[in-house]
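The lines below spell out each chain.
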Amino acid sequence: MLPPVLCFERGRDMDIAEEVLNGNRLALSRAITSIENEDEKSTEIMKRLYPHTGHAFVLGVTGPPGAGKSTLTDKMAREYRKRGMTVGIIAIDPTSPFSGGAILGDRIRMNGLTLDEGVFIRSMGTRGSLGGLSHKTADAVKAMDAFGKDIIFVETVGVGQSEVDIVKAADTTMVVLIPGMGDDIQAIKAGILEIGDVFTVNKADHDGADKLVREINMMLDLDGVMKDWRPPVEKVIANQNIGVKELIAQIEKHYDYIKSNGILAERRTKRTKDEILDILGSRIGSYITQKIVDDGRLDDYVEQIKARKTDPYTVVGNVLDEMLK
Amino acid sequence: MEKKIRVLVAKPGLDGHDRGAKVIARALRDAGFEVVYTGLRQTPEQIAEAALQEDVDCVAMSILSGAHPHLFPAVVNLVREKGMNDVLIIGGGVIPETDIPALKEAGVSEIFTPGTKTSDVVDYIKEHVKK
Amino acid sequence: MTEHEKIQAELDKYEESVTKAIARFPERDHLPEKRIYTPLDIKDLDYADDISFPGVFPYTRGVQPTMYRGRYWTMRMYAGFSTAEESNKRYRYLIESGATGLSCAFDLPTQIGYDSDDPISEGEVGKVGVAIDSLADMEVLFDKIDLGKVSTSMTINAPASVLLAMYIAVAEKQGVSADQLRGTIQNDILKEYAARGTYIFPPRPSMRLITNIFEYCSKNVPKWNTISISGYHIREAGSTAAQEIAFTIADGIAYVEAAIKAGLDVDAFAGRLSFFWNAHNNVLEEVAKFRASRRIWARVMRDRFHAKKDKSMKLRFHTQTAGSMLTAQQPDNNIIRVALQTAAAVMGGTQSLHTNSRDEALALPSEDSVHIALMTQKIVAHESGLADVIDPLAGSYYVEAMTNKIEQEAMDYIKKIDDMGGAVAAIEKGYIQKEIQDSAYKWQMDVESGARVIVGVNAYQIENEEPPKNLLKVDASVGERQKAKLAQVKAKRDNEAVKKALADLHAACEDENENLMPHILAAVKTYATLGEICNVMRDVFGEYEAHISL
């Protein structure tokens, strides 16, 4: 039996993990804060929640900024709610590398869901982590999972590394694109094609939608000769709620496919492995870093390297040899 | 990972004048805060629930229509009812001096009137949020 | 040596001679304008093509041949608060004090199509304007005011069709036929999406409502200005002068295109389009802005839309002094700000003007403050001499150069917006909003750094300033009273007739080819409420979801 996790955060006193499992929304909210801040309680909270995870379906939503990811998420969440499922949404926005601040603006497009008790929306900043979807996002997903959410949307920033990282966190990854991006289609070819399980062309009433669908299909055909799952390309007009049901049908088809073919189990095994390695790596890293900062050795090393008496590779090699023996 | 101050910038009521709210939102971001902006026409219930889900340290509201005597206290009460006794609540907008004591009495920690520097708001939040 | 070369040589000499002195005043060196302007700055200007005469294309000098040598501008004070009874009193006071037109402010629930008893209206009823729930309120609002004589401007946008219908119905009861009615509805939904926020429906049905009004009025209410395409709120939201006219004219282009697409002839409606500008603090920049806006619109209407009638090419505009420039600190200083802004509007050739009151950064204006604001117009008209000569600043090297510069900047924006697919697309992308926000943020940072001095705010402050007294307070019970009145109306009216009228409106909304105005007029006459009518339209049209990017 693990000890209760008491929360003294900002004057509050509660067993966060226990309360999350009891369905306390404020506790879920504060658990995610703990996770995000990687504060001293977060590990304990995760230990307590972990046994209760593994039930939720995690849907990654990615695509370039302006593709309408939040609006589409909003509409899909409403549809899932109609079907009696509870929904968690994690929306990630970029943190400014200069100020460290962030405007978390995705929520605006989901205001209509705020008062639905079956929906919990949480905005997160990337906070400088390269992928933005490191184990903090994954742990926030787990917190929502343990809380009892049936489906959890993870909406990425839509630029850079996050598209690739989403695959690690999600069971099914949906790529949202819109017509009129011009040469951006080239960039899509490069990165996004491999990660999409389902492709969505939003704003399908705009000029160029059909052309975009054709282009994606063409690329998928070139790419997919060897694959069992040929990602479908669905047209939607999210802000008019057109095509959403059909899109969900495709997503469910994919979920069934990965479930029945053992792919889901495989993905989750891989994810667990990654998790262990991630946590291990980051714990070791921060342990060693802390040590050499605290005892002042880091500054010494820097001086020695500056004077060309040694080099970073030798220094790190020595530190590792010493600490890990 | 250092803790970031999270602020919900909210527009309760029906007025569409969000120049101030948006300028504040940007200034808070530039001060290193994480800012959730609600957009226009939010009911007190929506604002309180968003504050809960986002676990913000501060709710900053702006009203220019004169509906503050009703709406500011309504938000304070709902936020407190949800168990967030530690969340700082502040307001701004076209608010006559004479209305301020009653708003503070109702639990709004500070009121910022036209001409306020954004840096004053930043400093106030930094000083007053529960660490 | 040509004349220009001579001037250039002299200019070089001048610049040389002041270098040293200028270096001593670095704090005055950040201004975007040059120190002096010369004939060189306007050497490409063609008098006949670019300036010409008042009342003559491109109307740079004014839309009427006589301007204020004929008639002064309409002194139109925006007013309205609390209940229809209270506002009616204020209107009659204004008319007795010499106001020559009415301008109605509606409360926010009315502007967004909610009745006073809707839960979302809680706390807002009667606050920023008068609450109108049904025709009954409108009858009280204009009680003992002859709608055949007065010209009335209504700041109403998303539900403009409903308020106009109510106005027509009240007039009918007074025995005044629709073709006698003079006035304006704001009816400019695009700037609501971009800057002011009182939208209801998505762009497409909103544009339909607007073109329905154009068409209906061209036949039935021919003296009515069917839209007031507004830059005022765009400026209030923080735009620059050039952005104000650029985004507004882009909106104007979208309306004209929509109407033409709906099958209207450009000359049948374009003459009833009017504009609404802000008069900001920088007097000469503002004068240049007003002049540039007329020139741009004239050319757009002639060259792009092939309008034939002069009237279609004339940009007529209402002006309001800049509310966002009023300070809560030392509020009496605002009287001077408003006087300068008034000067700008008059030298810029406005057709009508609202002057703000000194206390508006603090509350709704008191009657005393409104009086000073109105008298400011009278002083500028009768004592300053500014209204004695038409377009008095024409030919000023600086003002002409500035007019060109603003025109150029605005045209660059319009081009960009065209490339995006027009104003509606640019708003849906959030482009216009973002440009405005960037300017607003820059302004704020300039004030905070001290690069821009605002007297009383970041300079010349008074310690422990006494808060002003005698601010107007809207009676807190107005919401309850309005609710009670509404309940009475609902009890008294023929509810079967209401139901039938609303069902009929519902059907009309679903038929894209149907003009909604006659159906709305029929509904208001049954005392169907504003909220009921708007809910029918919400049901068919849906609601707009704002695009916000920070």
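Residues numbered from 1 in each chain as written. Chains lettered and ligands numbered in written order. Predicted model: local features only at pLDDT ≥ 70, side-chain atom pairs only at ≥ 80, totals over all residues. Heavy atoms only, no water.

A. The arrangement of the overall build of chain A in detail. Of the regular secondary structure elements, chain A holds twelve helices and ten strands. Here chain A holds 325 residues, and the buried ones make up 54% of them. Within chain A, counting contacts between residues at least 6 apart in sequence, those at least 24 apart form 74% of the total. (Helix = DSSP H or I, 4+ residues; strand = E, 2+ residues; numbered from the N terminus. Buried < 20%, exposed > 50% of the residue type's maximum accessible area, 1.4 Å probe, protein only. Contact = heavy atoms within 4.5 Å.)

B. Geometry of the pairing of strand β2 (residues 101-104) of chain C. All names here are of chain C. With burial as the criterion, each face of β2 is covered, one bearing Gly101 and Ser103 and the other bearing Leu102 and Cys104. Of the strand pairs in this sheet, strand β1 (residues 74-79) and β2 are connected by four bridges, and their pairing is parallel. Bridging from a neighbouring strand, Met77 pairs with Leu102 of β2. In the classification by handedness, the crossover that spans β1, the intervening helix α3 (residues 84-96) and the parallel β2 is right-handed. When β2 meets strand β3 (residues 151-154), the two strands line up parallel, connected through three bridges. The residue bridging Ser103 from the neighbouring strand is Ser153, located in β3. (Pairing = 2+ DSSP bridges. Right-handed = clockwise from strand over helix to strand, strands pointing away.)

C. Examining the packing of aromatic side chains more closely. All names here are of chain C. Evaluation of the coordinates by the stated rule reveals 22 aromatic pairs over all chains. Ring geometry for Tyr91 against Phe142: centres 6.4 Å apart, planes inclined by 25 degrees, an arrangement best described as stacked. A residue pair is termed long-range when its members are at least 10 positions apart, and Tyr91 in helix α3 and Phe142 in the loop between α5 (135-141) and β3 qualify at 51 residues. On the basis of relative accessible area, Phe142 is assigned to the buried category, the value being 0%. Ring centres of Tyr232 and Phe276 lie 4.9 Å apart, and the angle between their planes is 0 degrees; on these two criteria the pair is classed as stacked. Taken together, the residues span a long stretch of sequence, with Tyr232 in helix α9 (residues 232-236) and Phe276 in strand β7 (residues 273-279) at a distance of 44 residues. When its relative accessible area of 5% is taken as the criterion, Phe276 is described as buried. Linked through ring pairs, Tyr91, Phe142, Tyr167 and Trp224 together constitute an aromatic cluster. In this structure, Arg452 packs its charged tip against the face of Trp443, placed 3.7 Å from the ring centre. The ring of Tyr114 has Arg538 lying over it, and the distance from NZ or CZ to the ring centre is 4.3 Å. (Phe/Tyr/Trp six-rings, centres within 6.5 Å; stacked < 30°, edge-to-face > 60°. Lys NZ or Arg CZ within 6 Å of the ring centre and 35° of its normal.)

D. Inspection of the pattern of salt bridges at higher detail. Residues and elements named next belong to chain C. The full count for this structure, using the stated rule, is 78 salt bridges over all chains. Between Glu215 and Lys219 there is a salt bridge, with the nearest N and O atoms lying 3.3 Å from each other. Residue Glu215 and its partner Lys219 are located together in helix α8 (residues 203-220), separated by four residues, close to a single helical turn. For Glu215, a relative accessible area of 27% puts it in the partly exposed group. The residue Glu532 makes a salt bridge to Arg493 at a minimum N-O spacing of 2.8 Å. On the criterion of sequence distance, the pair formed by Glu532 in helix α22 (residues 530-541) and Arg493 in the loop between α19 (478-492) and α20 (495-510) is long-range, its members being 39 residues apart. Since its relative accessible area comes to 18%, Glu532 is described here as buried. Overall, Arg493 belongs to the buried group, its relative accessible area being 12%. (Salt bridge = Lys/Arg side-chain N within 4 Å of Asp/Glu carboxyl O.)

E. Local environment of the interface of chain B and chain A. The interface of chain B with chain A comprises 36 residues on the first partner and 31 residues on the second. A buried area of about 2,900 Å², summed over both sides, lies between chain B and chain A, and 47% of it is on carbon and sulfur atoms. Our enumeration of links across chain B and chain A arrives at seven salt bridges. For the salt bridge of A:Arg30 with B:Asp55, the shortest nitrogen-to-oxygen distance reads 2.9 Å. Where chain B meets chain A, there are 23 residue pairs in polar contact (both at pLDDT 80 or more). Elements supplying a minimum of two residues to the side of chain B that touches chain A: α1 (19-30), β2 (34-37) and α2 (44-54) of chain B. Classifying every residue of the side of chain B that touches chain A by side-chain character gives eleven nonpolar, eight polar and 17 charged. Direction of pairing for strand β5 (residues 102-104) of chain A relative to β2(B): parallel, over a ladder of three bridges. Residue pairing across strands places A:Leu104 opposite B:Val36, the latter belonging to β2(B). (Buried area = accessible area lost by both parts, 1.4 Å probe. Polar contact = N/O pair within 3.5 Å; in protein donor to acceptor, adjacent residues only side chain to side chain. Nonpolar A, V, L, I, M, F, W, Y, C, P; charged D, E, K, R; others polar.)

F. Molecular detail of the interface of chain C and chain B. Chain C puts 41 residues into the contact, and the matching count from chain B is 32 residues. Carbon and sulfur atoms supply 58% of the area buried between chain C and chain B, which totals about 3,000 Å² over both sides. It is C:Tyr441, C:Glu448 and C:Leu550 that lose the most area in chain C upon contact with chain B, and together they represent 22% of the buried surface on that side. Connecting chain C to chain B are one salt bridge. B:Arg26 serves as the salt-bridge partner of C:Asp438, at 2.5 Å between the closest nitrogen and oxygen. Counting every contact that joins chain C to chain B gives ten residue pairs in polar contact (both at pLDDT 80 or more).

G. Expanded view of the packing of helix α7 (residues 189-196) of chain C against helix α10 (residues 241-261) of chain C. Residues and elements named next belong to chain C. Close contact between α7 and α10 brings their axes to 9 Å; oriented N to C, the two are set at 145 degrees. In this structure, the crossing between α7 and α10 has a hand that is right-handed. Within the contact between the two elements, α7 uses Ile189, Leu190 and Lys191 and α10 uses Asp251, Ala254 and Tyr255. Of the residues that constitute the contact of α7 with α10, the class distribution is four nonpolar, no polar and two charged. (Axes fitted to C-alpha atoms, helices over the stretch in contact; angles between N-to-C directions. Left-handed = near helix turned anticlockwise from the far one by under 90°.)

H. Layout of the sheet that holds strand β7 (residues 151-155) of chain A. Residues and elements named next belong to chain A. With parallel pairing, the seven strands of this open sheet are ordered in space as β6-β4-β7-β3-β8-β9-β10. Every other strand in the sheet has two partners, leaving β6 (119-125) and β10 (233-235) as the edge strands with one partner each. Within the sheet, the average angular offset between the axes of one strand and its neighbour, ignoring direction, is 20 degrees. Lying on the sheet, helix α4 (residues 69-82) is in contact with β3 (57-62), β4 (87-93), β6, β7, β8 (172-177) and β9 (198-201); it crosses β7 at an angle near 175 degrees.

I. Layout of the confidence of the model for chain B. In this model, chain B carries a mean pLDDT of 94, and residues with pLDDT of at least 70 account for 98%. With pTM at 0.90, the complex prediction returns an ipTM value of 0.95. (pLDDT = per-residue confidence, 0-100.)

J. Structural context of the sheet that holds β2(C). Residues and elements named next belong to chain C. With respect to topology, nine strands assemble into an open sheet ordered β5-β4-β3-β2-β1-β9-β8-β7-β6, the strand pairing being parallel. Two strands close off the open sheet at either side, each with one partner strand: β5 (224-225) and β6 (227-230). The sheet strands contacting helix α6 (residues 160-174) are β3, β4 (182-185) and β5, and the helix crosses β3 at an angle near 155 degrees.

K. Main features of unusual backbone geometry. The residue after C:Phe57, namely C:Pro58, is reached through a cis peptide bond having omega 0 degrees. Position of C:Pro58 among the secondary structure elements: in the loop between α2 (47-51) and β1. The residue B:Arg41 is not glycine, and still its phi comes out positive at about 60 degrees. Note on placement: B:Arg41 falls in the loop between β2 and α2. With a phi angle near 60 degrees, C:Tyr59 is a residue other than glycine that sits in the positive phi range.

L. Molecular detail of the state of the cysteines. Residues and elements named next belong to chain C. A full pass over the atoms with the stated rule returns zero disulfides over all chains. In this structure Cys217 is not part of a disulfide, and its nearest cysteine sulfur, from Cys104, lies 16 Å away. For Cys217, a relative accessible area of 2% puts it in the buried group. In this structure Cys509 is a free cysteine whose sulfur lies 10 Å from that of Cys534, the closest cysteine sulfur available. (Disulfide = S-S within 2.5 Å.)

M. Quick peek at the side chain of C:His318. By the secondary structure assignment, C:His318 is in strand β8 (residues 317-321). Non-local contacts of C:His318, meaning those with residues more than four positions away in its chain, are made with C:Arg76, C:Phe275, C:Phe276, C:Trp277, C:Thr350, C:Ser352, C:Leu353 and C:His354.

N. Region of interest: the environment of C:Lys490. Residues and elements named next belong to chain C. Position of Lys490 among the secondary structure elements: in helix α19. On the basis of relative accessible area, Lys490 is assigned to the partly exposed category, the value being 25%. It is 8.6 Å that separates the C-alpha atoms of Lys490 and Thr529, two residues lying 39 residues apart in sequence. Once you skip the residues sitting within four places of it in the chain, Lys490 turns out to touch Asp117, Asn495, Thr529 and Glu532.

O. Layout of helix α9 (residues 244-260) of chain A. Residue and element names in this part refer to chain A. The end-to-end C-alpha distance of α9, which contains 17 residues, comes to 24 Å, matching closely the 24 Å that a straight helix rising 1.5 Å per residue would cover. Three or more residues of α9 are buried, namely Val244, Leu247, Ile248, Gln250, Ile251, His254, Tyr255, Tyr257 and Ile258. In the core, the buried residues of α9 are packed alongside β3, α4, β8, β9, β10 and α10 (263-294). With its phi angle positive at about 75 degrees, Gly262 sits one or two positions after the end of α9. (Expected span 1.5 Å × (residues − 1).)

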